[in-house]
Amino acid sequence: MTTAFRTAKGGRIDRSQSIGFRFDGQNYWGNAGDTLASALLANGVHFVGRSFKYHRPRGIMTAGSEEPNALVQFGLGDRTEPNARATVVELHEGLVAASQNAWPTLGSDVGVVNSWASRLIPAGFYYKTFMWPRFGWKFYERAIRHAAGLGRAPEGKDPDHYDKMHAHCDVLVVGGGPAGLSAARAAAMTGARVIVMDEGPEFGGSLLSETAEIAGRPAMDWVAGVVDELAERSNVRLLTRTSAVGYYDHNFLVAVERVTDHLAAPPEHLPRQRLWKVRAKQVVLAQGAIERPLVFADNDRPGIMMAGAARSYLNRYGVKVGNRVVVATNNDSAYAAAADLHDAGVAVTIVDIRDEPTGGDLPLAAFGKGIDVLSGHAVIGSDGGRRVEAAYVAQISPSAKRIAGSIQRFECDAILMSGGWNPSVHLFSQSGGKLAYDRERTIFIPGETRQQARSTGAAAGDFSLVDALTDGLAAGLEAAADAGHRKRGGRPQAPAVAPVITVPLEPLWSVPGRDPRGRTNKHFVDFQNDVTAADVALAAREGYLSVEHLKRYTTTGMGTDQGKSSNVNALALMAAASGRDIPEVGTTTFRPPFVPVSFGALAGRNVDHLADPVRKTPMHRWHETAGAVFEDVGQWKRPFYYPQRGEGKQAAVNREVRAVRNSLGILDASTLGKIDIRGPDARKLLNWVYTNAWNKLEAGRCRYGLMCHEDGMVFDDGVTACLDENHFLMHTTTGNAASVLGWIEEWLQTEWPNLKVWCTSVTEQFATVTICGPNARRLLGELCGDIDLSSEAFPFMSVREGHVAGLRARVFRVSFTGELSYEINVSADCGLALWNACMMAGEKFGITPFGTEAMHVLRAEKGYIIVGQDTDGTVTPIDLGMGWAVSATKDFLGKRSLARAATAAPGRKELVGLMTETPTDVLPEGAQIVEKALESAPMPMLGHVTSSYYSPNLGHSIALALVRDGRNRIGETLEVPLPERTCRVRLTDPVFFDKEGARLDG
Amino acid sequence: MSVKRGAYSIWSLMRNALSYHENWQRAWRSPDPKPRYDVIIVGGGGHGLATAYYLAKEHGVRNIAVLEKGWLGGGNTGRNTTIIRSNYLQDASASLYEHSLKLWEGLSQELNFNVMFSQRGVMNLAHNEHDLRELSRRTRANWLNGIDSELLDTTGVKRFCPIINVSPESRYPVLGATVQRRGGTARHDAVAWGYARGADAMGVDIIQQCEVTGMRIEKGRITGVETTRGAIAAGKVAVVVAGHASVLAAMAGLRLPIESHPLQALVSEPIKPILDTVVMSSSVHVYVSQSDKGELVMGAGIDGYTSYAQRGSLPIIEEIMASTMELFPMFSRLKMMRKWGGIVDTSPDASPIISKMPVEGLYFNCGWGTGGFKATPGSGHVFAHTIARDRPHPLNQRHTFERFQSGELIEEHGAAAVAH
Amino acid sequence: MLLIECPWCGPRDEQEFGYGGEAHIARPAKSAALDDAAWADYLFHRTNPKGLHFERWWHARGCRRWFNVARDTVSHEILAVYRIGEARPDIADGDR
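Residues numbered from 1 in each chain as written. Chains lettered and ligands numbered in written order. Predicted model: local features only at pLDDT ≥ 70, side-chain atom pairs only at ≥ 80, totals over all residues. Heavy atoms only, no water.

This brings us to the nonpolar core. Of all hydrophobic cores here, the largest spans 160 residues; its most connected members are L36, Y313 and L416 of chain A. Beyond its immediate chain neighbours, meaning those up to four positions away, Y313 of chain A contacts T35, A37, S38, L41, I60, T62, A63, T87, M305, G318, V319 and V321 of chain A. L697 and F728 of chain A together with V359 and F364 of chain B belong to the second-largest nonpolar core, a separate cluster that totals 60 residues. (Core = buried A, V, L, I, M, F, W, Y, C linked by side-chain atoms within 4.5 Å. Buried < 20%, exposed > 50% of the residue type's maximum accessible area, 1.4 Å probe, protein only. Contact = heavy atoms within 4.5 Å.)

Residue and element names in this part refer to chain A. An ideal rise of 1.5 Å per residue puts 16 Å on 12 residues; helix 4 (residues 178-189) measures up with 17 Å between its terminal C-alpha atoms. Of all the 12 residues making up helix 4, 10 are buried; the element is thus mostly covered by neighbouring parts of the structure. Taken as a whole, helix 4 has its buried residues at P178, A179, G180, L181, S182, A183, A184, A186, A187 and A188. On its buried face, helix 4 is in contact with strand 8 (162-174), strand 9 (194-197), helix 5 (219-232), strand 12 (236-239), strand 15 (273-285) and helix 10 (465-482). Once helix 4 ends, the next one or two residues include G191, with phi positive near 90 degrees. (Helix = DSSP H or I, 4+ residues; strand = E, 2+ residues; numbered from the N terminus. Expected span 1.5 Å × (residues − 1).)

What follows is about the interface of chain B and chain C. Every contact between the two is made by 26 residues of chain B and, on the other side, 26 residues of chain C. Between chain B and chain C the total buried area reaches about 2,200 Å² when both faces are included, carbon and sulfur atoms providing 52% of it. The largest per-residue losses of area from chain B upon contact with chain C belong to R255, Y305 and Y308 of chain B, which jointly make up 31% of the total buried on that side. R255 of chain B is paired through a salt bridge with E22 of chain C; the nearest N and O atoms lie 3.8 Å apart. If you look at where chain B meets chain C, you find 16 residue pairs in polar contact (both at pLDDT 80 or more). Of all the secondary structure elements, the ones that give two or more residues to the side of chain B that touches chain C are helix 8 (245-251), strand 12 (259-268) and helix 11 (403-406) of chain B. Counting residues per element, the side of chain B that touches chain C draws most heavily on strand 12 of chain B, which supplies 3 residues. Class assignment for the residues of the side of chain B that touches chain C results in 12 nonpolar, 9 polar and 5 charged. (Buried area = accessible area lost by both parts, 1.4 Å probe. Salt bridge = Lys/Arg side-chain N within 4 Å of Asp/Glu carboxyl O. Polar contact = N/O pair within 3.5 Å; in protein donor to acceptor, adjacent residues only side chain to side chain. Nonpolar A, V, L, I, M, F, W, Y, C, P; charged D, E, K, R; others polar.)

Looking now at the interface of chain B and chain A. Counting from both sides, the interface comprises 101 residues of chain B and, opposite them, 115 residues of chain A. Together, the buried faces of chain B and chain A total about 9,400 Å²; carbon and sulfur atoms form 55% of this surface. Summed over the three residues of chain B that lose the most area to chain A, namely L144, R171 and R333 of chain B, the buried surface amounts to 10% of that side. Inspection of the chain B/chain A interface yields 13 salt bridges. The salt bridge involving R519 of chain A is made with E22 of chain B; its shortest N-O contact spans 2.8 Å. Along the contact surface separating chain B from chain A lie 57 residue pairs in polar contact (both at pLDDT 80 or more). Counting residues per element, the side of chain B that touches chain A draws most heavily on helix 5 (residues 129-144) of chain B, which supplies 10 residues. When its residues are assigned to classes, the side of chain B that touches chain A shows 42 nonpolar, 30 polar and 29 charged.

The next thing to look at is the sheet that holds strand 40 (residues 766-772) of chain A. Residues and elements named next belong to chain A. Spatially, the 6 strands line up as an open sheet ordered 41-42-43-40-34-44, and their pairing is mixed. Each of the sheet's edge strands pairs with one partner strand only, and the pair in question is strand 41 (798-804) and strand 44 (848-849). Alignment of strand 34 (residues 665-668) against strand 44, held across 2 bridges, turns out to be parallel. Considered in strand 44, the bridge of G665 is made with T848. (Pairing = 2+ DSSP bridges.)

This brings us to the packing of helix 4 of chain A against helix 5 of chain A. Residues and elements named next belong to chain A. Orientation of helix 4 relative to helix 5, taken along the N-to-C sense of each, is 35 degrees, at an axis distance of 10 Å. Relative to helix 5, the crossing made by helix 4 is left-handed. Residues P178, L181, S182, A184, R185, A188 and M189 of helix 4 form the contact with helix 5, whose own contacting residues are W222, V223, V226, V227, E229 and L230. (Axes fitted to C-alpha atoms, helices over the stretch in contact; angles between N-to-C directions. Left-handed = near helix turned anticlockwise from the far one by under 90°.)

All names here are of chain A. Taken as a whole and judged by the stated rule, the model has 44 aromatic pairs over all chains. Centre to centre, the rings of F125 and F130 are 6.1 Å apart; their planes meet at 70 degrees, and the pair counts as edge-to-face. Judged by its relative accessible area of 12%, F125 falls in the buried class. The lysine or arginine in question, K564, covers the ring of F594, its NZ or CZ lying 4.7 Å from the ring centre. (Phe/Tyr/Trp six-rings, centres within 6.5 Å; stacked < 30°, edge-to-face > 60°. Lys NZ or Arg CZ within 6 Å of the ring centre and 35° of its normal.)

A word on the confidence of the model for chain C. When pLDDT is averaged along chain C, the result is 95, and 97% of the positions lie at 70 or above. Prediction confidence for the complex, expressed as pTM and ipTM, is 0.96 and 0.97 respectively. (pLDDT = per-residue confidence, 0-100.)

With that settled, the discussion passes to the domain arrangement of chain B. Size of an interface, as often reported, equals the accessible area lost when the parts are brought together. All names here are of chain B. One can read the domain layout of chain B as domain 1 (29-82 + 188-258 + 349-416) and domain 2 (114-184 + 259-346). Of note, the centres of domain 1 and domain 2, computed from C-alpha atoms alone, are 29 Å apart. Counting residues at the interface gives 24 residues for domain 1 and 22 residues for domain 2. Summed over both partners, the interface of domain 1 with domain 2 buries about 1,700 Å², with 54% contributed by carbon and sulfur atoms. Taken as a group, R79, T81 and I258 account for 36% of the area that domain 1 buries against domain 2, more than any other trio of residues on that side. For the interface between domain 1 and domain 2, the tally reads 0 salt bridges. One can count 7 residue pairs in polar contact (both at pLDDT 80 or more) joining domain 1 with domain 2. The set of elements that each furnish at least two residues to the side of domain 1 that touches domain 2 consists of helix 7 (188-201), helix 8 and helix 12 (413-416). (Domains from an automatic or database assignment.)

Now the structure itself:
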């Protein structure tokens, strides 16, 4: 297939492999090795998008990841990606892409009305208007939002997956151009572990677009040799299509590898992208440089692009960006592009701002080829619609403030511009390194480094190939040495390269236009966000002088390219407008990521069922089979209730609650936190962490305790058993198991390192089956022969060891339901066996599995609290009416806080019971309690309902509540205002059922 | 002294368009510091500038300087995710944030500067029974405090925000939510600029690039500050510097119940509108909205360690994204465009200190943690009152420095939405 | 992303550690004897310096040991790591 702008030969594309693709509904042909941008240019397509604000036609401006204009909607359906840069999208068979930010079509876009109204909408116009009427903003904003945005998000779930890789190395080299490859090769020779990464699909960097020779042969031969050499080394990892995006503390770098986006049919097993997280001892930054646009009137038409990009399209992709081009420059580098295009048969005119652009090798070569050069001239404007048609050229006076001679019109189909090159200092800046301004060359270069990093080559402001190769080599050797690896034998030499003499550029930050005040035509600074030189001047005029104010007021540098090509121009224009020096205006802080990173890559594998670990008890499968509805408690899945056929939640819970009170229930309590505590000082520890006293607890007995943080507020509770004089088993709530252990360890290690006590989490080592109800003892008796279960031998709040259902077991006689109750701990792998044995033997008692909701009802009937539900981090043991569990004599964690003025004051919120006037009225949890409901808010609140259930045993709803001065108000009637009604409630003691505790013994 | 300056409106825009916008005046002056001020406000963020504005406007104090060490709004004002709401749990906080919300509702007109307060609603999600209970409690307290709030079930969530994933198969399924429809977002920079312009017009000296390096205290009374631009005498000094509160307190010989932590936020590339509200989830740790430019604006929990660097660590970002994928699987192919960090001053009860200090004439406003932006107008309003009258406004009488001694805390960790 | 040298396990990623705030705050031996202000100072008030900070970390997802770190809160540079009970190393703010 032939394409109009493809050269006859040359380039890195595979001419034998034609590839069909679709852009904006039109079919085109490209070649393997093309990007979407190069393939479109080969077909003569420059106009690919509309700008953000004014909807001006825009073309392809660069050949790299800094592209501000050519953003496309890439791919279809759930695999579509908005804002893909056409300049980095690799062409593959069947690729589909479309333009963005234009409606109904790119050609006839209604958004272009913004352009007509552009005089009304300068930078920051929205801060000054849309304020009337007061509620009008809602409507204006709707219109603004509708117009904003670029591409579209996919509608469905991403069908692809993403991986993460952790890597460590001695030397990480970012950038695989001449400097980076030199550095990597030198470092690798020392035996250091090296990773070298590059954004592109192949190594070579700027050499991919070069015609220069290295060691007398084409530069890419040298690249191929180095890459082969590195690939053979076991101490080197080569990564292409990998963009380093973040430089974090302590030499930690993040990179994104694009694994499958370039494939027509990606294999299922491959991730779409891989996030590399690299901890490097040393880093070599060799990311090259980014070309600066020139700021002249109408510098944004399709067909106007960077000179370096045009050279890249020609030499790398075999594409002529036009047939008649005008090259606008202020430096030598654009002459190389001009010469190469001239050699390819393109008619070229060079317009150089400098009066005497002689002395440099590149201009000399261009003169030698007979290329027209207009020195002391500038491109001061352009003409054209969807494609540039002409350049306006004029002589510029030495002061460069105005046009000196007549204006000539040059018909052309492309304008190439070069305002010099900015070293890519983004990662260096992210690393905390300070940037230095090089006044001579008008660039920011890496200054003092703060991490183990060095910049080299163009990234350090050394733009020549000789420098890249020699400095890169030195940087590689130094980095390896600093990482502890030295080259044995002779020092490697950089290959020979013909030196190129260059002469300095001449900055001209804003090229004057026909209108000396720059009023009529737009001089674009930030192309994506449509920020013009006039906008920068306006910001200066209004006092938005700091670089950060400039960015935020005008939005310059805030687009998807993050100002890669616009930043220095904007700074310079601000400096000029406010009469300051560029460094005085400041440098902006470069923030991660260097290029945009997909959310998917950052999330990696932590999605779907791997979003967070799921913890299941050994009996989980049984619960599933029994049809349990589960509740998330922390990471645990706990049976919430077990509905039988056709049963709703309330009916199931009522049935389960009744079964426990009437005969026998069974609960999986395996999730309760369990901490094994051993050592001669174990009691001392318990005395510190619990509010009550532990000196007298005998072996075989259990005790309930409350824990407070040092602020005196309850944060956990549970039963701890004394298994032996120096051996305890502590139970914590399910949700706090890890934090209680961590808290205890903290105190032990940091405050009481001399205590001889050791703590081990055994939560997952044991399965816990709780059987409770009047028939619990009978059931246990059938399963257990070696423990005397009589009340005298095995009283409430004690623990025994023996065998249950033939399994070694620890049996705790404790109760969270108020019933006779045994918690049986067996080794976790025996949990299901124990459960099944209980179910089988319990059948005659109608044994009923119950879930957490029934458990909550049962405990609420007894007034037992749940920490985190009946407490909220502001509740003391006294507030809970549990002063009996607070030792007056010993010190414990949190004790002093209980005596603080406000904490010890009367009238605090205290735990009470509530009975509604209507027995069936179940209050919503969280409902607020007032003295007397008022007609309307606000009304003073006295407290809130913490727990509320229907108690089938009492035939009445019950609730627990925290109420101001609650215990003194027991017997009073208060009100709970609800949206549709007000509910009257009587304050009661929190124990609703079996106040004397008779049922504990069965 | 007051400065006469043209008002902003569509008419002034049109008039200036005729002169190519070359006649706009400075939004605020750039004065040199005077030797003495009645009140020096340390910190040129939203809170400090609002304080100056209300001091000048409502209390007749005109000899005021705002000292900013960098550029206006360069701290947390310009670094937050701009969420505004008032659905706090405790009476003391709810009334303060509600006061603020009411001021937001008229702020663009008050300042003649469009702060783009957009009442698109703020939805807080519940993912388990505990969340449901907490949201129920908070909403019901809001009702009785006269603050708008609604409880939604899963269907209601889906209706309010159709792109959210409410599948019960999700790791932490959405069980319900609250929504405050009067909540929303605003343009953060505009708030600082609007207050600065308003305060400047009333004669307040706003002095940028002026860092306070010391405090002059004589016989238990503050007499002025040392700065990088020389010593400045003052009758009263009010410090409102977010992350740097402890540093300023140390200059006055005080220690605060404050730790400074990094809080990160990020934006995606701009995309066409898909999310028309603010979605917050404290149990899966993410909050997200879409800006008027089309960027998704997201934030998460704070980094665990203290820091004065305006940057954080990667794992927090990875966590936000994993959580986001749970709620919005369709976002996976969108791209993070920029991320940044701020320094938040966390207090033990997740409530601020707006208080007189043990040094006479010294006032602190700090400890807003992750949620100070929403309070900007209210905070400035009551702080101005506190400074002018030397006693708290009824709305901040509980927000004292001394409450950490008495134990009378204003516990708001649940409502603050970001885990501290 | 900090790289923290656990005195027991060697250098590990920040993600393995938990942060424990300011170091060298001893629990008052006779807490009951303190007035509310002194207790609040122990309980809540922190130096929170900008610059050199002596702080506690624990290797929560490793050996679970607590230890002390001297770290710059601006640059995040770690200047010393030392065990609990060891004296604060002799580093001044600005030593690098």
